[in-house]
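Below, each chain spelled out in residue letters.
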Amino acid sequence: MNKAKDLLAFVQKSIQIRSYSDEEGEYAEFVLKEMERLGYDEAFIDGTGNVVGKIGDGAKIVHFDSHLDTVMANDPGSWQIPPFSGKIADGHVWGRGSVDMKSALCASVYAAAQARESGFTNGKTIYVTGTVCEEYCDGENLKHLYKDLLLRPDFCIICEPSDNRIVLGHRGKAQVRIKTHGVSAHSSAPDKGVNAVYEMAEIISRVDALNRSLHRENEDCGTIALSDISCVSASLNAVPSECSVYLDRRLVLGETLSLVGNEMEHLISGKDADWEPGTLHHTTWKGKALEYVPMHEPWTIGEDHPLTLALIRAYWNVYARAPDRFDFWDFGTNAITPVAMGIPTIGFGPGDYKLAHMTDEKCAVNKIEEACEVYCQLIKEM
């Protein structure tokens, strides 16, 4: 059996199966069958819709997580190569999910099987998961998985794309909804009402000013962006009685959710307005209700942590050199759940994350193969 060839074929077929958020069922079943074919000790789909593979029954529990879902490809005609082709060209596999993050999922599935064959799983239990609805509900999938399986891993590896660099953490996130309140009136007599949109106008200016104040030239800094706006009006002939904006605040190390709360109070000061977390609700392909409260502080793991040192050794085993630098994701991941539980967590995965969600998404074939080797070596080094 040519393992590298089989791994690449697994990636190609994965890309060919569309798996938008809340529609991952077909892909979950496909991954399950590959785990079974590779001889996993256990492989199943849980009540949330996550696919779970288990190898070994040792005391030390190591968890590799990737998500099954992808963002949409709404503009297939603008791709150089069709987004669900999984075609190999110019040393890359092309298609939606090649970077974010089917290549990594496939690499971790094969790595665990390879580690067992090499005798690296003795005394360990390896879990490999493909989780649902990450694009909308970071970490909710793992909350349900850990709770339902009564599982608390000793270590967690988030396989999000990092171009095969070791990632020591990522930014925090606070998504917030602000509402202003007005008084409805006929638009022919606007003075008899209070326009909620006008109430929001100054708040929007304050948001822009806050973002500019957060900026630090040539430094990692927090950001805030208005990502949605809407209003409630009795008709097109009426003054809006309510206006709502959705804000996306990203936090760097040293910033806290308490700080964000103070910022929100300043934004609405003097206005008939209130704010709340921008809670999202989704239903998975298995019918499980997810409620996601997007309020998470940034996190990091130390360069001298045993998990980091093990991954550095694994990296050396594959590349015959130490990493030239570490990375820090500026986006959110499922890591928020194990981190909140106090589980040591680190990131590593193939693919340039700047190509995630983009037209012409593609992942280098050699990086996929190398990631699989690094995951296998990490199991050895744990």
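This text gives an overview of the structure that appears in the document. Just so we're clear, the structure is a prediction, and the values are computed from it rather than from any experiment. (Residues numbered from 1 in each chain as written. Predicted model: local features only at pLDDT ≥ 70, side-chain atom pairs only at ≥ 80, totals over all residues. Heavy atoms only, no water.)

## Looking at the overall build of the protein chain
Inference 1: When helices and strands are counted, the protein chain shows nine helices and 19 strands.
Inference 2: Expected size for 382 residues packed as a compact globule is a radius of gyration near 21 Å; at 23 Å, the protein chain falls within 12% of this value.
Inference 3: Considered along the principal axes of its C-alpha atoms, the protein chain spans approximately 80 × 45 × 40 Å.
Inference 4: Here the protein chain holds 382 residues, and 55% of them are scored as buried.
Inference 5: Partitioning the contacts of the protein chain with sequence separation of at least 6, the portion at a separation of at least 24 is 78%.
Inference 6: Of the roughly 16100 Å² of accessible surface on the protein chain, 50% is carried by carbon and sulfur atoms.
Inference 7: Of the charged side chains in the protein chain, 37 are positive and 56 negative; the average position of the first set lies 3 Å away from that of the second. (Helix = DSSP H or I, 4+ residues; strand = E, 2+ residues; numbered from the N terminus. Rg over C-alpha atoms; globule rule 2.2 N^0.38 Å. Buried < 20%, exposed > 50% of the residue type's maximum accessible area, 1.4 Å probe, protein only. Contact = heavy atoms within 4.5 Å. Areas by Shrake-Rupley, 256 points an atom, 1.4 Å probe, with all protein chains shown as cover. Lys, Arg positive; Asp, Glu negative; His and termini not counted. Charge placed at Lys NZ, Arg CZ, Asp CG, Glu CD.)

## Describing the packing of aromatic side chains
Inference 1: Within this structure, the stated rule accounts for nine aromatic pairs.
Inference 2: For the pair tyrosine 27 and phenylalanine 30, a centre-to-centre distance of 6.4 Å together with 25° between the ring planes defines the contact as stacked. Placement of the pair is tyrosine 27 and phenylalanine 30 together in helix α2 (residues 25-37), with a separation of three residues, close to one helical turn.
Inference 3: On the basis of relative accessibility, which here comes to 0%, the residue tyrosine 27 falls in the buried class.
Inference 4: Centroid distance tryptophan 329 to phenylalanine 331: 5.5 Å. Interplanar angle 35°. Geometry classified as tilted.
Inference 5: Looking at tryptophan 329, the relative accessible area reads 0%, which means it is buried. (Phe/Tyr/Trp six-rings, centres within 6.5 Å; stacked < 30°, edge-to-face > 60°.)

## Notes on the environment of threonine 308
Inference 1: Structurally, threonine 308 can be placed in helix α7 (residues 306-319).
Inference 2: C-alpha separation for the pair threonine 308 and isoleucine 343, spaced 35 residues apart in sequence, amounts to 13 Å.
Inference 3: Once residues lying within four places of it in the same chain are set aside, the contact partners of threonine 308 are Leu168, Ile301, Gly302, Glu303, Phe326 and Ile346.

## Details of the nonpolar core
Inference 1: Formed by 66 residues in total, the largest nonpolar core has its most connected members in Val31, Tyr40, Phe64, Val109 and Tyr375.
Inference 2: Looking at which element gives the most residues to this core, the answer is helix α3 (residues 98-117), with twelve residues. (Core = buried A, V, L, I, M, F, W, Y, C linked by side-chain atoms within 4.5 Å.)

## A look at the pairing of strand β13 (residues 280-283)
Inference 1: With four bridges connecting them, β13 and strand β14 (residues 289-292) associate as antiparallel partners. When the sheet's bridge partners are listed, leucine 280 is paired in β14 with tyrosine 292.
Inference 2: In this antiparallel pair of consecutive strands, β13 and β14, the connection spans five residues, and glycine 287 shows a positive phi of 90°. (Pairing = 2+ DSSP bridges.)

## Focus: a nonpolar patch on the surface
Inference 1: A cluster of nonpolar side chains, namely Ile204, Leu226 and Ile229, defines an oily patch on the protein surface of about 210 Å² accessible area.
Inference 2: Residue position: isoleucine 229 is located in strand β10 (residues 223-232). (Patch = residues over 30% accessible without salt bridge, like charges linked within 9 Å, V, L, I, M, F, W, Y side chains within 5 Å. Salt bridge = Lys/Arg side-chain N within 4 Å of Asp/Glu carboxyl O.)

## Considerations on the packing of α7 against helix α9 (residues 365-381)
Describing two packed helices takes the angle between their axes plus the distance from one axis to the other.
Inference 1: Closest axis-to-axis distance for the α7/α9 pair is 8 Å, and the angle between their directions is 130°. On the basis of their axis angle, the class for α7 and α9 is oblique. By crossing handedness, the relation of α7 to α9 is classed as right-handed. Judged by residue contacts, Ala310, Leu311, Arg313, Ala314, Asn317, Val318 and Tyr319 of α7 engage Glu370, Glu373, Val374, Gln377, Leu378 and Glu381 from α9.
Inference 2: Classifying every residue of the contact of α7 with α9 by side-chain character gives seven nonpolar, two polar and four charged. (Axes fitted to C-alpha atoms, helices over the stretch in contact; angles between N-to-C directions. Parallel < 35°, antiparallel > 145°, perpendicular 65-115°, else oblique. Left-handed = near helix turned anticlockwise from the far one by under 90°. Nonpolar A, V, L, I, M, F, W, Y, C, P; charged D, E, K, R; others polar.)

## Observations concerning the pattern of salt bridges
Inference 1: Within the structure shown, the criterion is met by 17 salt bridges.
Inference 2: Between arginine 96 and glutamate 361 there is a salt bridge, with its nearest N and O atoms 2.6 Å apart. With arginine 96 in the loop between β5 (92-94) and α3 and glutamate 361 in the loop between β18 (345-347) and β19 (362-364), this pair connects stretches of sequence that are 265 residues apart.
Inference 3: On the accessibility criterion, glutamate 361 (0% relative accessible area) is buried.
Inference 4: Between lysine 367 and aspartate 163 there is a salt bridge, with its nearest N and O atoms 2.9 Å apart. You can see lysine 367 sitting in helix α9 and its partner aspartate 163 sitting in the loop between β7 (155-158) and β8 (167-170), a full 204 residues away along the chain.
Inference 5: By relative accessible area, aspartate 163 is classed as partly exposed at 32%.
Inference 6: Each of the salt bridges in this network shares a partner with another, and the network as a whole consists of Glu202, Arg206 and Lys271.

## Quick notes on helix α4 (residues 140-149)
Inference 1: For α4, the complete set of buried residues consists of Glu140, Asn141, Leu142, His144, Leu145 and Tyr146.
Inference 2: Buried residues belonging to α4 abut β2 (51-55), β3 (60-67), β6 (124-131), β7, β14 and α8 (336-340).
Inference 3: Backbone geometry just downstream of α4 places leucine 150 in the positive-phi region, at approximately 50°.

Read these as geometric descriptors, not functional statements.
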